[in-house]
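Fold and geometry: a report
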Amino acid sequence: SQKIEQNSEALNIQEGKTATLTCNYTNYSPAYLQWYRQDPGRGPVFLLLIRENEKEKRKERLKVTFDTTLKQSLFHITASQPADSATYLCAPTNQAGTALIFGKGTTLSVSS
Amino acid sequence: DAGITQSPRHKVTETGTPVTLRCHQTENHRYMYWYRQDPGHGLRLIHYSYGVKDTDKGEVSDGYSVSRSKTEDFLLTLESATSSQTSVYFCAISEARAGTGGWEQYFGPGTRLTVT
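Residues numbered from 1 in each chain as written. Chains lettered and ligands numbered in written order. Predicted model: local features only at pLDDT ≥ 70, side-chain atom pairs only at ≥ 80, totals over all residues. Heavy atoms only, no water.

1. Brief notes about the overall build of chain B
Short version of the rule: Numbering goes from the N terminus for both helices and strands, where a helix is a DSSP run of H or I of at least four residues and a strand is a run of E of at least two. Radius of gyration means the value over C-alpha atoms here, while the globule rule gives 2.2 Å times the residue count to the 0.38 power. Exposure is judged per residue with a 1.4 Å probe applied to protein chains only, and the accessible area is read against the type maximum: over 50% gives exposed, under 20% gives buried, and values in between give partly exposed. Should any heavy atoms of two residues lie within 4.5 Å, those residues are considered in contact. For every accessible area listed, the method is Shrake-Rupley and the probe measures 1.4 Å; residues are considered covered only by the protein chains on display. Note that His is not counted, nor are the chain ends; the positive residues are Lys and Arg, and the negative ones are Asp and Glu. Charged groups are reduced to one reference atom each: NZ for lysine, CZ for arginine, CG for aspartic acid, CD for glutamic acid.
Of the regular secondary structure elements, chain B holds zero helices and 11 strands. The C-alpha radius of gyration computed for chain B amounts to 14 Å, which stays within 12% of the reference 13 Å derived for 116 residues, consistent with globular compactness. Across its three principal axes, chain B shows a C-alpha extent of roughly 45 × 30 × 25 Å. Per-residue burial for chain B yields a buried fraction of 48% across its 116 residues. At a minimum sequence separation of 6, the contacts of chain B that also span at least 24 residues come to 56%. Surface exposure of chain B reaches about 5,300 Å², of which carbon and sulfur atoms provide 49%. Chain B carries 12 positive and 13 negative side-chain charges, and their two centres are separated by 3 Å.

2. Considering the side chain of S61(B)
Inspection of the secondary structure puts S61(B) in the loop between β6 (54-57) and β7 (64-70). Setting aside residues up to four positions removed in sequence, S61(B) forms contacts with I46(B) and H47(B).

3. Topic: the sheet that holds strand β7 (residues 62-67) of chain A
Residue and element names in this part refer to chain A. Keep this limit in mind: Paired strands, in this sense, are two strands between which DSSP finds at least two bridges. For helices, the axis comes from a line fit to the C-alpha atoms of the stretch in contact; other axes are also lines fit to C-alpha atoms, and the angle between any two N-to-C directions lies between 0 and 180 degrees.
The five strands lie next to each other as β1-β3-β8-β7-β6, forming an open sheet whose pairing is antiparallel. The open sheet terminates on both sides in strands that have one partner only, identified here as β1 (3-7) and β6 (56-59). For this sheet the average axis-to-axis angle between neighbouring strands, irrespective of direction, equals 15 degrees.

4. Structural notes on the packing of aromatic side chains
A ring pair, where both rings are aromatic, is described by two values, the distance of the centres and the angle of the planes. Going by this rule: Think of it this way: a Phe, Tyr or Trp ring, Trp meaning its six-membered ring, pairs with another when their centres are within 6.5 Å, and the plane angle makes it stacked under 30 degrees, edge-to-face over 60, tilted otherwise.
Taken as a whole and assessed by the stated rule, the structure comprises 14 aromatic pairs over all chains. Aromatic pair F75(A) and Y88(A): ring centres 5.4 Å apart, planes at 35 degrees, arrangement tilted. Taken as a pair, F75(A) in strand β8 (residues 72-77) and Y88(A) in strand β9 (residues 86-93) lie far apart in primary sequence, 13 residues in all. Here Y88(A) falls in the buried class, since its relative accessible area comes to 3%. Put simply, the rings of Y36(A), F46(A), F102(A), Y33(B), Y35(B), Y48(B), Y50(B), F90(B) and F107(B) pair up and form one aromatic cluster.

5. A closer look at the interface of chain A and chain B
For the record, the criterion: Summed over both partners, the accessible surface that disappears when two parts come together, traced with a 1.4 Å probe, is what is meant by buried area. The term salt bridge refers to a pairing of a side-chain nitrogen on Lys or Arg with a carboxyl oxygen on Asp or Glu at a separation within 4 Å.
Listed as interface residues are 21 residues of chain A and, on the opposing side, 21 residues of chain B. Summing the contributions of chain A and of chain B, the shared interface buries around 1,600 Å²; its carbon and sulfur component is 53%. The interface formed by chain A and chain B holds zero salt bridges in total. At the level of elements, β4 (32-38), β5 (45-51) and β9 of chain A are the ones that each hand at least two residues to the side of chain A that touches chain B.

6. Considering the sheet that holds β7(B)
Residues and elements named next belong to chain B. If you trace the four strands from one edge of the open sheet to the other, you get β1-β3-β8-β7, paired in antiparallel fashion. Each edge of the open sheet is held by one strand with a lone partner, namely β1 (4-7) and β7. Between one strand axis and the next, the sheet turns by 20 degrees as a mean value, whatever way the strands run. The sheet contact formed by β7 and strand β8 (residues 73-78) spans five bridges and is antiparallel. Residue pairing across strands places K70 opposite D73, the latter belonging to β8.

Keep in mind these values describe shape, not function.
Next up, the structure:
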């Protein structure tokens with residue numbers, strides 16, 4: 001069966017450092033991979049989408065990589081801030097967009 | 001949460017009673033989804049809809065039914081609620097964008113359901 005693993009349930013870093021979150025998937029060949037942010041008591045918020053033929057995508061302080069050989073995506077937040085503290089979810093997605101499987105998330109805490 | 005509302009936001013019900021949750025969107029998106037989120041399991045897809053009257057099952061559909069009679073509304077029904085259905089339920093919408101094929105989803109604020 002399809003399996004999504006986000007390494008580390010929790011990640012604690014200091015303000016100004018780069019946070020790197022990992023998403024690994026098995027038994028799945030997604031056409032896209034999405035990253036979401038979720039704050040306590042709220043629904044997930046879309047951050048970035050990367051396609052299978054893209055190696056890297058950037059948006060402001062965020063960078064996502066997608067390695068279909070390793071079946072892995074890395075999510076980086078540079079110059080992290082306490083406001084970046086949240087749970088981050090990865091979601092590999094099929095071509096039709098009808099099978100979007102979410103990982104359990106990594107909770108990032110940025111301390112000042 | 002803009003453009004997506006869920007009602008009720010909180011509900012406590014007894015085992016065996018029927019429950020209907022409503023998702024309403026003002027974005028005219030074609031696709032709508034119902035998820036449940038539980039500690040240790042993350043977000044799991046219950047059902048989704050790809051148009052009016054067009055629905056399909058997700059990963060955890062047993063015990064749930066859905067209906068979509070209008071583009072803007074997607075209803076989730078628990079015919080006979082059980083304690084295992086205590087959860088936070090999220091509705092989401094998406095639309096493929098021409099030229100990009102993106103499938104990003106936009107989530108509602110969630111409904112916290114407790115079955116006693």
